[in-house]
Amino acid sequence: MKRSICIHGHFYQPPRENPWLEAIEFQDAVYPHHDWNEKITAECYAPNAIARILDKEGKIAQLVNNYTKISFNFGPTLLSWLEKYAPEIYGAILEADRESQTLFAGHGSALAQAYNHMIMPLANSRDKRTQVIWGIGDFESRFGRKPEGMWLPETAVDLETLDILAGHGILFTILAPRQARQARKLGENQWKDVSGGKIDPTMAYRCKLPSGKTIALFFYDGRTAHDVAFGDLLNSGEAFAARLRGASSDRGEGSHLVHVATDGETYGHHRHFGDMALAYAIHSIESGDQAHLTNYGAYLEGHPPSHEVEILEKTSWGCIHGVERWRSDCGCNTGAHPGWRQAWRAPLREALDWLRDTLAPAYEERSRSFFKDPWAARDAYIRIILNRSPEGMVGFFHEHTVRALTDVDKTAALKLLELQRHAMLMYTSCGWFFDDLSGIETIQIIQYAGRVLQLAREIFGDGTESPFLAHLERAKSNIPAHGNGRHIYEQFVKPAMVDLRDVGAHYAIGSIFDERSERTAVYCYTIDQKDYKISESGRTKLAMGRATITSEITRESADLCFGVLHGGDRAINCGVRTYQGEKNYQAMRREISRSFDKGDLPKTIRLMNNHFGSSLYSLKSLFRDEQRKILNLIMESTIQDAEKEYRRLYEHHAPMMRLLKELKIPAPKAIYSAAEVAINAGLRRAFEEKRFDPEQVEDLLKEAGETGIALDADTLEFVFRETVEHMAERLADDPSDLSLIKRLEAAVGLAGSLPFRVNLWRTQNIFYEILQKVYETFRHKADQGGKKAVEWLRHLRRLGDKLSVRVE
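Let me begin by describing the structure that accompanies this report. Just so it is clear, the structure is predicted and the values come from calculations on it, not from any experiment. (Residues numbered from 1 in each chain as written. Predicted model: local features only at pLDDT ≥ 70, side-chain atom pairs only at ≥ 80, totals over all residues. Heavy atoms only, no water.)

**Considerations on the packing of helix α12 (residues 345-367) against helix α19 (residues 465-472)**
Packed helices, taken two at a time, are described by the angle between their axes plus the distance between the axes.
Stage number 1. Where α12 meets α19, the closest approach of the two axes is 8 Å, and the angle between their N-to-C directions is 160 degrees. Accordingly, the angle class assigned to the pair α12 and α19 is roughly antiparallel. Both α12 and α19 take part in a crossing whose hand is right-handed. Where α12 approaches α19, its residues Pro-347, Leu-348, Ala-351, Leu-352, Trp-354 and Leu-355 are matched on the opposing element by Pro-467, Phe-468, His-471 and Leu-472. (Axes fitted to C-alpha atoms, helices over the stretch in contact; angles between N-to-C directions. Helix = DSSP H or I, 4+ residues; strand = E, 2+ residues; numbered from the N terminus. Parallel < 35°, antiparallel > 145°, perpendicular 65-115°, else oblique. Left-handed = near helix turned anticlockwise from the far one by under 90°. Contact = heavy atoms within 4.5 Å.)

**Examining the sheet that holds strand β15 (residues 519-522)**
Stage number 1. Read from one edge of the open sheet, six strands run β15-β16-β17-β18-β19-β20, paired in antiparallel fashion. Each of the sheet's edge strands pairs with one partner strand only, and the pair in question is β15 and β20 (616-617).
Stage number 2. In the sheet, strand β18 (residues 557-566) pairs with strand β19 (residues 572-578) via seven bridges, with the strands oriented antiparallel. Bridge pairing links Gly-563 to Gly-575 in β19.
Stage number 3. Relative to the sheet, helix α22 (residues 582-597) contacts β16 (525-537), β17 (540-551), β18 and β19, its axis offset from that of β17 by approximately 155 degrees. (Pairing = 2+ DSSP bridges.)

**A word on the pairing of strand β8 (residues 180-185)**
Stage number 1. Pairing geometry for β8 and strand β14 (residues 307-311), over five bridges, is antiparallel. Looking across to β14, one finds that Ala-180 is bridged to Ile-311.
Stage number 2. Pairing analysis gives two bridges linking β8 to strand β9 (residues 192-193), with the strands arranged antiparallel. The partner of Ala-183 across the bridge, within β9, is Lys-192.
Stage number 3. The loop that links β8 with its antiparallel partner β9 comprises six residues; one of these, Gly-187, has a positive phi angle of about 95 degrees.

**Brief notes about a positive patch on the surface**
Stage number 1. A contiguous patch of positive charge on the surface is contributed by Arg-590, Arg-594, Lys-598, Lys-603 and Arg-606.
Stage number 2. Of all the secondary structure elements, the ones that give two or more residues to the positive patch are α22 and α23 (601-612).
Stage number 3. Summarising the element assignment, Arg-594 is placed in helix α22.
Stage number 4. When its relative accessible area of 46% is taken as the criterion, Arg-594 is described as partly exposed. (Patch = residues over 30% accessible without salt bridge, like charges linked within 9 Å, V, L, I, M, F, W, Y side chains within 5 Å. Areas by Shrake-Rupley, 256 points an atom, 1.4 Å probe, with all protein chains shown as cover. Salt bridge = Lys/Arg side-chain N within 4 Å of Asp/Glu carboxyl O. Lys, Arg positive; Asp, Glu negative; His and termini not counted. Charge placed at Lys NZ, Arg CZ, Asp CG, Glu CD. Buried < 20%, exposed > 50% of the residue type's maximum accessible area, 1.4 Å probe, protein only.)

**Looking at α12**
The α-helix advances 3.6 residues per turn, and as a result positions three or four apart in sequence lie on the same side.
Stage number 1. The end-to-end C-alpha separation of α12 is 32 Å, in line with the 33 Å expected for 23 residues at 1.5 Å each.
Stage number 2. Maximum bend of α12: about 30 degrees, positioned at Ala-360, with proline Pro-361 one to four residues after it.
Stage number 3. Among the residues making up α12, those that are buried are Arg-345, Pro-347, Leu-348, Arg-349, Ala-351, Leu-352, Leu-355, Arg-356, Leu-359, Ala-360, Tyr-363 and Ser-367.
Stage number 4. Packed against the buried residues of α12 are α6 (125-143), α13 (374-380), α16 (407-425), α17 (430-433), α18 (440-460) and α19. (Expected span 1.5 Å × (residues − 1). Bend = angle between axes of the 7 residues up to and from the residue.)

As structure tokens, then:
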């Protein structure tokens, strides 16, 4: 018996984006009871499992070498983020699918996914259809082929969803074993009860659908998948391989499929070094003759279903009660908060259903003045989502509109479509999955609802927000301070809303600290500078200007003028108003500038208040990323002064601290704190240097040891890792730079001696790519007697040893 083995990884990271900026922000101040910082953000959106694939010798394996050999799906939101912020990983994922088509007779390993991880059985028919169409459209635009399979969020399923999949050319999907009700061999009359996970997972099944179509279903090996995700199976790659090879040993002769499906992040993120177990298992399976690797499309072509199955509708892999985790207090939760209830889930869904169903007729009626078929236009809107350039919109509007639209009409039409997009985003499954209404995921979907309400107000006028909040108020938080859904909306969603004036204020304040070009991108907005002048008087600055702000999403535009007064440090006054003609603008600019030039700051502020009225902004008005950047600039000199003072205090008292440590007497807190700041600051600054001095680092580490100072390992590791990665990137740009190889060699060597572990996976990947591109060239030169090439090889091999990458 020859076994076919398929390992599926489902990668979905719930969106953490500001709906008004269409971008990820560092949102630690937005969410009420979570530690949310940039390092966590980076972790969530680029989990190690995506990139850190090691083989059994500890060598780095080329990223695509393993993703070509396992089945995988990535959520469109995650792929969009990777495309922008981790293009090397994104490119490797696409390459993995291309190579898998070569390995598996034209069948790619990538699967599509319903667009924004909506629980499909709880969606209405119209949303189900759009989710499938958008998921297919996103997949085709990235992978350049039609998807054969589609992953259903949480494997949540009903017959209507399967019928829609089949109607759009999807050949198969993957379900949990407990989602099967009964099965039988094709042509037989007698059904066999397979509920409770009793279905044979070693084959594909045909499922007949109400429309008369059929779809193939794979039911993964539930016991093995559980042990991968929650047990200790990934503690050993050998044990993992043996389990896969032996999983169908009791199934008799013939070809059998052994397959598991888990979160892709299991391999290296949820389970540390699980990626190494995966890589070893793949290597072990390929090296033997008991089994071969495959993917679902290839297996289905070679082994069409011989049995049919009926499913249990409205079931999922994430809730033993079906799909109740996403609409009721079923008892499923993370277990992290004993005593908390999830009674908020039902009123939250009811509020969103009310909002969707209330606005659907209004959308349809208003859209008919623009579109031939409003819902067909929504289905096709994925084309614009994927390409929002003016050129990309031309074909869409030509195909779907009832007439040639003016620019104003196009903005109105796009706002209608954006309303519908966010009316689906607000159903993203993670909003119900966790424990409380005030969780980051739930606030995120309420923010999407907030964007729906804002667009509805702009399109249809007021009238929707109040009744929506009356519904939302019925959802109660487990945390008394957060009250209910209305309070959470007013405290965390309403303040996050952005309009064109807010973007203009952000741009204006930022211009004081960072020179702006004539055209600047601020998240999903384009700013065209029409006029700008900055004046300085000592530490005080005044910027006056005019700019056109345009949304890249809706093409809405506003011509604004602004003034910013920076009195030094955090004292910032900014005003923004609509441009009222060149004469008025120039008069305002002259009046405010004249007062500033005379040094009369109180009058300057009064004039700004007069001209800009209530549209006044401060440093608090900046979007989060820019706010941090500017605060860092403002505080830099202050921090340096403080660190120097702490260093002086520490050096004065260091002998006493050494004595106290020797006598095992705790140092006074004031002296210890000064030493802690001084040593950690010294190490951080040493690590930030492009040519940092290993001896200086060793001296500081020695000082820390002698005085008993605790190191800020997380921060120091992050700074050191970034420096090493930048060195590796520069080497990738110029691999012949021998001096840089030597510096990188010294830095990586130092990493091994630090009292904390440094994550070198990205440096390893970059080094591996350098080997792939230029190693053979230099080895050939060395074989020809080239002295520089010989030295280059010697140091490259040393670097490889320190990175645990074997260089042949």
